[in-house]
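Below, each chain spelled out in residue letters.
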Amino acid sequence: MFRAIADILRQIGGAIATVVTLPFRALARLFGGASSSTRSRRV
């Protein structure tokens, strides 16, 4: 019973975490890509 509730909470937390971090990752990719393209390109 508690394990099922914990799994549901964990999935909800993971979904919220991905939704919250997505815009920040997109911004980081935009600024990081723009700044790294001027310097030497890393792969």
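Calculation notes
Residues numbered from 1 in each chain as written. Predicted model: local features only at pLDDT ≥ 70, side-chain atom pairs only at ≥ 80, totals over all residues. Heavy atoms only, no water. Helix = DSSP H or I, 4+ residues; strand = E, 2+ residues; numbered from the N terminus. Buried < 20%, exposed > 50% of the residue type's maximum accessible area, 1.4 Å probe, protein only. Areas by Shrake-Rupley, 256 points an atom, 1.4 Å probe, with all protein chains shown as cover. Patch = residues over 30% accessible without salt bridge, like charges linked within 9 Å, V, L, I, M, F, W, Y side chains within 5 Å. Salt bridge = Lys/Arg side-chain N within 4 Å of Asp/Glu carboxyl O.

Notes on the overall build of the protein chain
Moving on, step 1. The helix and strand tally for the protein chain stands at one helix and zero strands.
Moving on, step 2. Taken across its 43 residues, the protein chain has 0% of its residues classed as buried.
Moving on, step 3. Accessible area of the protein chain: about 4200 Å², with a carbon and sulfur share of 70%.

With respect to a nonpolar patch on the surface
Moving on, step 1. A cluster of nonpolar side chains, Met-1, Phe-2, Ile-5, Ile-8, Leu-9, Ile-12, Ile-16, Val-20, Phe-24, Leu-27, Leu-30 and Phe-31, forms an exposed patch at the surface whose accessible area comes to about 1400 Å².
Moving on, step 2. Secondary-structure assignment places Phe-2 in helix 1 (residues 2-38).

Any functional reading would require information beyond the geometric quantities listed.
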